[in-house]
Amino acid sequence: MATPPRNPKSLSHLPSSTNTFLSRLDMKDYVYFSENTKGIFGKAVKIKVDLFPRFAALVDPKTHAGQTVIRQIENLRMLNGASPGVHANVNSAFRFMLTTTNMKVFYAVLDGDQGRKEIFIGDIKADFDSSGNDAGLYVFDTFSNKYKKHKQVFLHDKTVYINGNSGNLEKTLEYAQQQTETSKGNLALFYVPGNVVNGLGVWGSTSQSLSVKSAMSLLSDIIKFNREKRVIWVSEAEGADVFLNALTDVTGSLKGHSYRLIDPITDTVSLLANMKAKEIKPPVDEVAPVTYTGKNRVTNLHIESKKQAIIDALKMLRVKGFADFPHQQMVKELEATVGNAPLGKNKQALIDTAALNHRVLHPKSVTRESNKAALSFITALQRV
Amino acid sequence: MRFKYDVIGPDFEDADIINFDFGEAEICLRLPQDMDKQISYVAAWDQKVLPAVPKNRWDTHPFGFRIFDLVRQFWSYYDETTERCVANESFQLNLIELPDEICAEVNPLNKQEFIEWLFKFFRLIAVRGDESLLGSDIELANMKAHMMPLSIEQIEIHHAGLLDWPMLTISMPYEDDEEANAKRDPDYFIYIPLTERLFLYIDQSISILSREGNPVTLPKADILELKSEILSEILSYIKVTYSSDVLQRIQKANQ
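Computed from a predicted model, the values in this text were never measured in an experiment. (Residues numbered from 1 in each chain as written. Chains lettered and ligands numbered in written order. Predicted model: local features only at pLDDT ≥ 70, side-chain atom pairs only at ≥ 80, totals over all residues. Heavy atoms only, no water.)

Trainee: Any chance you could explain the overall build of chain A here in plain terms?
Mentor: Each helix and strand counted, chain A has 13 helices and 13 strands in total. Per-residue burial over chain A gives 55% buried out of 384 residues. Counting only carbon and sulfur atoms, one obtains 52% of the accessible surface of chain A, whose full area is about 16,400 Å². (Helix = DSSP H or I, 4+ residues; strand = E, 2+ residues; numbered from the N terminus. Buried < 20%, exposed > 50% of the residue type's maximum accessible area, 1.4 Å probe, protein only. Areas by Shrake-Rupley, 256 points an atom, 1.4 Å probe, with all protein chains shown as cover.)

Written out as structure tokens, the structure is:
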């Protein structure tokens, strides 16, 4: 159903725009993608080690969807520029983009270290689905029994749910109702579609697209419009990042507003500090204003390197009397896993592998061979 | 099932079978499951006694009838070649219980009365219940904005044996966004009579997915055709069974 874009984005993040080979220095950033892509059948497929955390967040090898993506990338060893899902860069030979179920894979076909053509994956970008609905505030209309998009509306005593990556509008509305246990009449949704999630900093985007800026601006305006009201903001996953960005554009107090965070994927410590500065507090009857359920794989990976800072911030909520027993239990569970950092450990193992594979050998006449028995990207992923 | 344009959907023959018992009528339908994430709601099978205490899963409509959630289910359609999701189905089944005042106005088992009442109901939705606006330009403009049928003759019908299932279109307009409004396709509200007091309605919408730099290139007519084929398949797996008493009353009401 889809056709390739006429002018795919530049693949300039790959090591060279004109050369057909990588320097040895560049090559040490790459490892074999999987055990099946070491060049025994078809072209070898290699991937930049730095992409490991983002790839791990996007691909769960234990799921059907994750296995589908892995298979699609492994198949690059056999594909050419005309294969389904492959888009050639019209401005640069040897450079391509593969669209998979939830990400774009940018790669180049270059001379490998054995003189044979190899695939070098230099970047990946999140590419979540976007249904026909735009970002914005959706409020239940009792006459039609449907949700209607509003630019500005009073939200007094309403719960506003801000979603992360969760699919189309209708599915998100149902999910919001389940997560907040709120009747439709008291619930509003600030809908964050897939194209906005794709452009968030938490997914590695370095510049905000127009759709992301527009979504942030809409939410900021809604918050300002309801400054004097009592609104409960429930942000989940990437929705917390949207909320943080929108709040930074709001000055002054938001006393009377309250919050709840579920598996936030953002700089949670900054968000808590920002809300504290604006006098946004947890609801008085809330037992766990910040909830890490352990069920969101992306959140679990995202917090790995910042866990101690998050724990310290959560402990402060308890000290201030904003959290009850379930909150303490959750903090204890998080503390028990502070030293457990599978993402960081496996990324380091891949860095070590790449360095060993491409070490400079003496004398120069010795032919270098890639170590095909070395740890692959997917093997490391399966350990996370 | 396989559709045009290499779109494949769930196999309804393998889908879960769901029943609801309303006393004098039962419904049986098949519900495919979402491959990605299981977000669904299915009410209890026994609906003979409806709850009296307000809960999250039922509301009273401003016009006085009660609406109960029975099913919320979502599933996807995929491009066979790339395995990318191309469309999402949102399927909602609700039960409506009429109060005595409305029962005096309409008998859902009478085909003509029911469709006339539904049309008036939609006209009232368009004017947010203000009967003084019926017949005005405001009503007409709002009905067009909501993509509602503008006459009884424009209402599509699904012929389901003894009784018809009227299929009324609706789409909530965007404020001050002509471009977004022009892109909309309407959702369907499909009404299924059960008894003189009860009827079901399905809120069905299919969203065709798009991605930045990778737009769906199907013309609008083809998208509508694809949506229509998907809807036909869903409805073909819904069966309503009436008690012998209700069957007699249906015949009598439509003589």
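Trainee: Explain the interface of chain A and chain B here, please?
Mentor: At the junction of the two partners, chain A supplies 48 residues and chain B supplies 55 residues. With both sides pooled, the region where chain A packs onto chain B buries about 4,500 Å², and carbon together with sulfur makes up 48% of that total. In this structure, the connection of chain A to chain B is made through six salt bridges. Here D69 of chain B makes a salt bridge to K184 of chain A, at a shortest N to O gap of 3.5 Å. If you look at where chain A meets chain B, you find 13 residue pairs in polar contact (both at pLDDT 80 or more). At the level of elements, α3 (64–74), β7 (136–141), β8 (146–150) and α4 (169–180) of chain A are the ones that each hand at least two residues to the side of chain A that touches chain B. By residue class, the composition of the side of chain A that touches chain B is eight nonpolar, 25 polar and 15 charged. (Contact = heavy atoms within 4.5 Å. Buried area = accessible area lost by both parts, 1.4 Å probe. Salt bridge = Lys/Arg side-chain N within 4 Å of Asp/Glu carboxyl O. Polar contact = N/O pair within 3.5 Å; in protein donor to acceptor, adjacent residues only side chain to side chain. Nonpolar A, V, L, I, M, F, W, Y, C, P; charged D, E, K, R; others polar.)

Trainee: I tried to follow the sheet that holds strand β9 (residues 158–162) of chain A on my own but got confused; where do I start?
Mentor: The pairing of strands in a sheet happens through backbone hydrogen bonds and is either parallel or antiparallel. Residues and elements named next belong to chain A. Ordered in space as β8-β7-β10-β9-β11-β12-β13, the seven strands form an open sheet in which the pairing is mixed. What marks the edges here is a single partner per strand, and that holds for β8 and β13 (290–291). Across five bridges, the pairing between strand β11 (residues 231–236) and strand β12 (residues 258–262) is parallel. Across the sheet, the residue bridging to W233 is Y259, located in β12. Lying on the sheet, helix α6 (residues 210–225) is in contact with β7, β9, β10 (187–191) and β11; it crosses β10 at an angle near 150°. Against the sheet, helix α7 (residues 239–247) contacts β9, β10, β11 and β12, and its axis sits at roughly 130° relative to β11. (Pairing = 2+ DSSP bridges. Axes fitted to C-alpha atoms, helices over the stretch in contact; angles between N-to-C directions.)

Trainee: Looking at this structure, how should I read the confidence of the model for chain A?
Mentor: Detailed reading of the predicted coordinates is not advisable wherever pLDDT is low. Here chain A averages 86 in pLDDT, while 89% of its residues score no lower than 70. Scored below 50 in pLDDT, residues 1–12 of chain A shows 29 contacts in the model against residues more than four places distant or in partner chains. (pLDDT = per-residue confidence, 0-100.)

Trainee: Is there a simple way to explain the environment of D187 of chain B in this structure?
Mentor: Note on placement: D187 of chain B falls in strand β10 (residues 187–193). Along the primary structure D187 of chain B and A221 of chain B are separated by 34 residues, whereas in three dimensions their C-alpha atoms are 15 Å apart. Here K146 of chain A takes part through its side chain, which lies 2.8 Å from a polar atom of the side chain of D187 of chain B.

Trainee: So what exactly am I meant to see when it comes to the nonpolar core here?
Mentor: Nonpolar side chains tend toward joint burial in soluble globular proteins. Core analysis: the largest hydrophobic core is formed by 87 residues, its most contacted members being F55, I73, I121 and W233 of chain A. Of all hydrophobic cores here, the second largest spans 48 residues; its members include W58, V71, L95 and W165 of chain B. (Core = buried A, V, L, I, M, F, W, Y, C linked by side-chain atoms within 4.5 Å.)

Trainee: How do you make sense of the packing of α6 of chain A against α7 of chain A when you look at a structure like this?
Mentor: Geometrically, a packed helix pair is captured by the angle between its two axes and the distance between the axes. Residues and elements named next belong to chain A. It is the contact of α6 with α7, at a shortest axis distance of 8 Å, that shows an interaxial angle of 65°. In this structure, the crossing between α6 and α7 has a hand that is right-handed. Of the residues in α7, those touching α6 at M216, L219, S220 and I223 are V242, F243, N245, A246 and L247. (Left-handed = near helix turned anticlockwise from the far one by under 90°.)

Trainee: Can you walk me through helix α5 (residues 220–236) of chain B in this structure?
Mentor: Owing to its 3.6 residues per turn, the α-helix brings residues three or four apart onto one side. For α5 of chain B, with 17 residues, the first-to-last C-alpha span of 24 Å sits near the 24 Å given by 1.5 Å per residue. Considered for burial, the residues of α5 of chain B that qualify are I223, L226, K227, I230, L231, E233, I234 and L235 of chain B. (Expected span 1.5 Å × (residues − 1).)

Trainee: How should I be thinking about the packing of α7 of chain A against helix α8 (residues 268–277) of chain A in this particular structure?
Mentor: Residues and elements named next belong to chain A. At a minimum axis distance of 10 Å, the contact between α7 and α8 shows a crossing angle of 45°. By the angle class used here, α7 and α8 are oblique. Here α7 runs over α8; the crossing is left-handed. Mapping the contact onto sequence places A240, F243, L244 and L247 in α7 and S270, L271, N274 and M275 in α8. In terms of residue class, the contact of α7 with α8 is made up of six nonpolar, two polar and no charged. (Parallel < 35°, antiparallel > 145°, perpendicular 65-115°, else oblique.)

Trainee: Sorry, what's going on with the sheet that holds strand β3 (residues 25–31) of chain B here?
Mentor: All names here are of chain B. Spatial strand order, β2-β3-β12: three strands in an open sheet with antiparallel pairing. Edge positions in the sheet fall to β2 (16–21) and β12 (239–242), since each has one partner strand and no second. Within this sheet the neighbouring strands show an average axis-to-axis angle of 15°, counted without direction. In the sheet, β2 pairs with β3 via six bridges, with the strands oriented antiparallel. The partner of I17 across the bridge, within β3, is R30.

Trainee: Could you clarify how one ought to interpret the packing of aromatic side chains in this entry?
Mentor: We describe a pair of aromatic rings using the distance from one ring centre to the other and the angle between the two ring planes. Per the stated rule, a full pass over the model turns up 31 aromatic pairs over all chains. Between Y161 of chain A and Y175 of chain A the ring centres are 6.5 Å apart and the planes differ by 80°, which places this aromatic pair in the edge-to-face class. One end of the pair, Y161 of chain A, is in strand β9; the other, Y175 of chain A, is in helix α4, with 14 residues separating them in the sequence. With 6.0 Å between their ring centres and 35° between their planes, W75 of chain B and F91 of chain B make a pair best called tilted. With W75 of chain B in strand β6 (residues 66–79) and F91 of chain B in strand β7 (residues 85–97), this pair connects stretches of sequence that are 16 residues apart. On the basis of relative accessibility, which here comes to 1%, the residue W75 of chain B falls in the buried class. Its end group placed over the ring of W58 of chain B, R66 of chain B keeps NZ or CZ at 4.6 Å from the ring centre. (Phe/Tyr/Trp six-rings, centres within 6.5 Å; stacked < 30°, edge-to-face > 60°. Lys NZ or Arg CZ within 6 Å of the ring centre and 35° of its normal.)

Trainee: How do you make sense of a nonpolar patch on the surface when you look at a structure like this?
Mentor: Taken together, the side chains of I40, F41 and M78 of chain A present a nonpolar region at the surface, about 380 Å² in accessible area. Secondary-structure assignment places F41 of chain A in the loop between β1 (30–32) and β2 (44–48). (Patch = residues over 30% accessible without salt bridge, like charges linked within 9 Å, V, L, I, M, F, W, Y side chains within 5 Å.)

Trainee: Sorry if this is basic, but what is going on with the pattern of salt bridges here?
Mentor: Oppositely charged side chains can form a pair if their charged atoms are brought close together. All names here are of chain A. Counted according to the given criterion, the structure contains 28 salt bridges over all chains. The residue R230 makes a salt bridge to D157 at a minimum N-O spacing of 3.0 Å. Of this pair, R230 sits in the loop between α6 and β11 while D157 sits in the loop between β8 and β9, and the two are 73 residues apart along the sequence. Judged by relative accessible area, D157 falls into the partly exposed class, the value being 42%.

Trainee: Hey, could you run me through the side chain of T182 of chain A in this one?
Mentor: Residues and elements named next belong to chain A. Along the polypeptide, T182 turns up in the loop between α4 and β10. When its relative accessible area of 12% is taken as the criterion, T182 is described as buried. Within the local environment of T182, its side chain forms a polar contact with the backbone oxygen of T180, the two atoms lying 2.9 Å apart.

Trainee: Before we go on, may I ask you to explain the pairing of β9 of chain A in this structure?
Mentor: Two faces belong to every sheet, and in a regular strand the side chains alternate between them. Residues and elements named next belong to chain A. The buried fraction of β9 amounts to five of the five residues, a majority that puts the element mostly inside the structure. Side chains of β9 alternate between two faces, with K158, V160 and I162 and T159 and Y161 buried alike. Two elements, β9 and β11, share five bridges in a ladder whose sense is parallel. Bridge pairing in β11 links I162 to S235. Of the strand pairs in this sheet, β9 and β10 are connected by four bridges, and their pairing is parallel. Counted as the bridge partner of I162 is F190 from β10. In this fold, the crossover linking β9 to β10 by way of α4 has right-handed handedness. (Right-handed = clockwise from strand over helix to strand, strands pointing away.)

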